[in-house]
Amino acid sequence: MDYQFKDIEKKWQSFWAANQTFKADSQSSKPKYYVLDMFPYPSGAGLHVGHPLGYIASDIFARYKRLKGFNVLHPMGYDSFGLPAEQYAIQTGQHPAITTEDNIATYRRQLDQIGFSFDWSREVRTSSPDYYKWTQWIFMQLFNSWYNKDADKAQSIDTLIAHLEQSGSKGINAVSDDDTASFTAEEWKALSHDEKQTELLKYRLTYLRESTVNWCAALGTVLANDEVKDGFSERGGYPVEQKKMMQWSMRITAYAERLLQGLDNIDWPDPLKEMQRNWIGKSVGAMVKFSLESKVLSPESGAEVSYLEVFTTRVDTIFGVTTIVIAPEHELVQTLTTPEHKAEIDACIAQTKKKSELDRMADTKTISGAFTGSYVINPLNGAKVPVWIADYVLAGYGTGCVMGVPSGDQRDYLFAKHFDLPIIPILDIQNIEVEADPTKEGKYINSDFINGLGYKEATTVVIAKLEELGMGYGKINYRMRDAIFGRQRYWGEPVPVYFKDGLPYLIEESELPLILPEVDKYLPTESGEPPLARAENWKYASPKSSPKERTSEINEVNSFSFGEGGGEALYEYELSTMPGWAGSSWYWYRYMDAQNSTEFASKEAIAYWKDVDLYIGGSEHATGHLLYSRFWNKFLKDLGLVGEEEPFKKLINQGMIQGRSNFVYRVNDDEGRGTNTFVSFGLKGEYKTTALHVDVNIVENEILDTQKFKKWREDFADAEFILENGKYICGVEVEKMSKSKFNVVNPDDIIERYGADTLRMYEMFLGPLEQSKPWNTNGIEGVFKFLRKFWRLFHNDAWEFNVSDAEPNKAEYKSLHKIIRKVEEDVDRFSFNTSVSSFMIAVNELTDLKCNKRSILQDMVLILSPYAPHICEELWVLLGNEAGTLSYAPYPKFNAEYLVENEFAYPVSINGKTKMNLNLSLSLDNSEVEELVKANTDVQRYLEGKTLKKVIVVKGRIINLVI
RNA sequence: GCCCAGAUGGUGGAACUGGUAGACACGCAGGACUUAAAAUCCUGUUCCCGUAAACGGAGUGCGGGUUCGAUUCCCGCUCUGGGUACCA
């Protein structure tokens, strides 16, 4: 009987669906295990063969855990808001919801074919109102919270208001836009309602602020830093420019330290943790004030300024300061510039502006800057230090102002050399002849009271002195910026906010979800407003009656009296929508309780499932999704809504599957035009050729199917071929998988030809899960043959196949227990490729043994079932088990006794050279082994009178004799 | 530039804490079955010398080191992939 994979797979997929085999229990006496995949964006192209790699791995793991007795939650859903559907809508006028619906149907069909054990009853879609209601709800919680640094957590904004009412800004230790704000309780109370709101906005965890954003004109939207690559948008590759806009932001910087610390307690790949650490970019240093010679007025705030403040990580080098350099965009540039230097400074600023467009970052070699004519005073030695501007100083980091220490910093060094400024060595071992020496070794020189000290000591002493003088203090800076949260797009979650007198207010919780309105077109308006401005009646109608019982002063600032007549007033809704990462920053909680209409997930569900035990996805989300998710999780934890500080305990990055393109070589004629003759790869050196992509689906093992090639495209119908050894060999190159390169392999085709079980095993067999690798189908035959061989173990005519209940023999037990141990080890370290090999060996052994023992075969089916579930279900029933019981059957237990051997021969080397085979028994201790070895006649022969110095035994084996 | 990961036959890869390098699979070559092909099965397959074979020499990107013994550990390079980019 042949292996009819199509019938078998269809049968079991229907069975699982009909019986809800993989529905996770909300309550169970079994321990819980949560296996999660990064949910896909359902693109129009459908799944290609690279997408399921991670899903297959997680599915194997989930199925394995079920067999091991865990209550497994293994859900799937769709991150269904996003740009491509909207771009398509702009081009075709088709509503993105319809496109998305179609794409999801395709994804679902493709996923089902692979035989995943997802619990589809918990499916989520970020674009569904039932879902985004809660995304909006979380946004509201963020709006209503501030970060209390003393408690080191987010708290309700009411607690902040209460504090302000009580004692003003005194004693508030918050993360805010403006940490210099100070007023008394009386001053606070005297503020108008709008002034209070403006003030509070500086503390809210999501807030509106004018910020410099990455504006992509072609996409008509703002992009986050991680969506911009080298000045171009990640999606589409359009140019991105800097622009100032009023934007919603998320105060992720409040969590910088916790995001950093949390990395130490989670089992994630080190490179990924490292990426997040770099992104957060913690630097420990100090703030130092350099007094101005005379006080000036700030052009922005009008306040008196008496010093320039710098941030430095090397405060120990303060005696080597020869310049203070400020960013050309710094607010005091014009104020500090003396009339005789104005021309130079203006020229320099103009040049910077021109440059910053595109190549400011590419061009790091050119040194440009100018002297303002002003001086400041070094607080520790009173030296007069000139103030310069230079474009290597960024306005957006630290104070936009640095102290130039040419001896220790290469940029300062180049700057000093270029403008002929002094360079002061500050460490005795410093070598500064050709470049700066940033060493921390040696003893200080030219450095007043720290002369002779070492780095650590000097740093402590300098900071202490600065603090004593009131001219500085130790400070930690982070590179990470607050995350921009608004997008000027249609296909996203509406922000549940309306505006009154220019200030944002939340809509009522009871009014959620705020449904995305219909629009006539998906483009921005003529006046440049986001697409939502096109929606009719996109206005907030205040509730008919004022909310009751809003009498307290605290509540007063959160609400206001509505239109006099009741229900008359209409207010503008926020027009931007949320970014792609909003919906994906909490979705793992929704799976815990996907149908809940009163909470984002019930307390009980969250208390039971807690967190994700295993998360599988690509490392490209390192500084996006994975960071934002950790941020929201910590916030939800602060509010007591969830229990765990970190959402994803263990994370595995699956490697990317790259495309593998095939080429044919068209022979050119003398004029360089292409002929219709194609030369095989090995002979192409003898001709002038042009390489053309050829569809990888008509190439097998690099051999072109010339008949299919002629049919592939009309103009190749009468192509001729110059063959080698009767075959046309194609060239190969690894590239991104894309339609235009004809290297896209669709999993449907593979399943059609070999079945889902083969696809699953082959994707694992291809190589280590975490490694990126090109897809090629060259080895898939081997996996298919293996499954067929496994099938034949149960259906072979060569021996009468009767399941026997007899006691298995030693050899059969040995094969079985070898594979039990191997697969357990492999699954635990996600080395699925090596277990596939081990299966092949085990099945070969059992075939050779003509094994028909029920217990052995049954255990084999169990062990293989996570990898190839369909065939195993079929064989499980064949062995007399009830249909559907396989997925929760107990996993076979490993017993080491079956692997013990009493006697074996192995090579032993003498002084490192392999010389002889020894037959010895195990389970002796080292001294006994030594005696035995000495008594061995073979060894005697080699010794030839010399003494045996050492017997090296490893894991009970003699490896080497030292003579 | 900086940070991280990697480099093993014709190919994908294995060797888990230093212990017979090349498991397993693909491909290739030869053979069996067949009128033939496909399918299946068997044998060989790191390279070099040589042969009927045994055997001998080299060998895990390159150059050193530690060790009885290194793909594995250490130092210095080369190349490839990923991240990041004037962060003071």
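Description of the structure in this document. (Residues numbered from 1 in each chain as written. Chains lettered and ligands numbered in written order. Predicted model: local features only at pLDDT ≥ 70, side-chain atom pairs only at ≥ 80, totals over all residues. Heavy atoms only, no water.)

Quick look at empty space enclosed by the protein
Link 1 in the chain: Under the criterion given, the structure shown has 1 cavity of 30 Å³ or more.
Link 2 in the chain: When its volume is computed, the largest cavity comes out at roughly 60 Å³.
Link 3 in the chain: Per-element accounting of the lining of the largest cavity gives the leading share, 3 residues, to helix H2 (residues 52-67).
Link 4 in the chain: Here the residues of the lining of the largest cavity are counted per class, giving 3 nonpolar, 2 polar and 3 charged. (1 Å grid on protein atoms, 1.4 Å probe; cavity = no way out; pocket = protein on both sides within 12 Å on 5 of 7 lines; lining within 4 Å. Points joined across faces, edges and corners; volume = space filled by probe spheres on them. Helix = DSSP H or I, 4+ residues; strand = E, 2+ residues; numbered from the N terminus. Nonpolar A, V, L, I, M, F, W, Y, C, P; charged D, E, K, R; others polar.)

As for the sheet that holds strand E22 (residues 612-617)
Link 1 in the chain: Strand order across the open sheet formed by 4 strands is E2-E1-E22-E23, with parallel pairing between neighbours. Lying at the two open borders of the sheet, with one neighbouring strand each, are strand E2 (71-73) and strand E23 (648-653). With direction set aside, neighbouring strand axes in the sheet form an average angle of 20 degrees.
Link 2 in the chain: Packed on one face of the sheet, H2 meets strand E1 (32-37), E2 and E22 and runs near 170 degrees to E1. (Pairing = 2+ DSSP bridges. Axes fitted to C-alpha atoms, helices over the stretch in contact; angles between N-to-C directions. Contact = heavy atoms within 4.5 Å.)

What to know about the packing of helix H21 (residues 747-754) against helix H23 (residues 780-795)
For any two helices packed against each other, the geometry comes down to the angle between their axes and how far apart the axes lie.
Link 1 in the chain: H23 packs onto H21 with a crossing angle of 40 degrees between their chain directions and a minimal axis gap of 11 Å. Here H21 lies oblique to H23, going by the angle between them. Two packed elements cross with a definite hand, and for H21 against H23 that hand is right-handed. Of H23, the residues touching H21 (which contributes Ile750, Arg753 and Tyr754) are Ile780, Glu781 and Phe784.
Link 2 in the chain: Within the contact of H21 with H23, the residues separate by chemical class into 4 nonpolar, no polar and 2 charged. (Parallel < 35°, antiparallel > 145°, perpendicular 65-115°, else oblique. Left-handed = near helix turned anticlockwise from the far one by under 90°.)

Brief notes about the packing of aromatic side chains
Link 1 in the chain: All told, the structure shown has 70 aromatic pairs when counted by the stated rule.
Link 2 in the chain: Arranged with centres 4.9 Å apart and planes meeting at 75 degrees, the rings of Tyr147 and Tyr255 form a pair that is edge-to-face. Taken as a pair, Tyr147 in strand E3 (residues 145-148) and Tyr255 in the loop between strand E9 (241-250) and helix H9 (256-262) lie far apart in primary sequence, 108 residues in all.
Link 3 in the chain: Residue classification places Tyr147 among the buried residues on the basis of a relative accessible area of 1%.
Link 4 in the chain: Residue class for Tyr255 comes out buried when judged on its relative accessible area of 0%.
Link 5 in the chain: Relative to Tyr573, the ring of Trp538 lies with its centre 4.5 Å away and its plane at 40 degrees, an arrangement referred to as tilted. Within this pair, whereas Trp538 is found in the loop between strand E19 (503-506) and strand E20 (539-541), its partner Tyr573 is found in strand E21 (residues 570-573), the two being separated by 35 residues in sequence.
Link 6 in the chain: Connected via pairs of aromatic rings, a cluster forms that spans Tyr33, Phe61, Tyr64, Phe70, Phe786, Phe790, Phe794, Phe830, Phe832, Phe839, Tyr867 and Tyr891.
Link 7 in the chain: Seen from the ring of Trp120, Arg108 lies directly overhead, with NZ or CZ sitting 3.8 Å from the centre. (Phe/Tyr/Trp six-rings, centres within 6.5 Å; stacked < 30°, edge-to-face > 60°. Buried < 20%, exposed > 50% of the residue type's maximum accessible area, 1.4 Å probe, protein only. Lys NZ or Arg CZ within 6 Å of the ring centre and 35° of its normal.)

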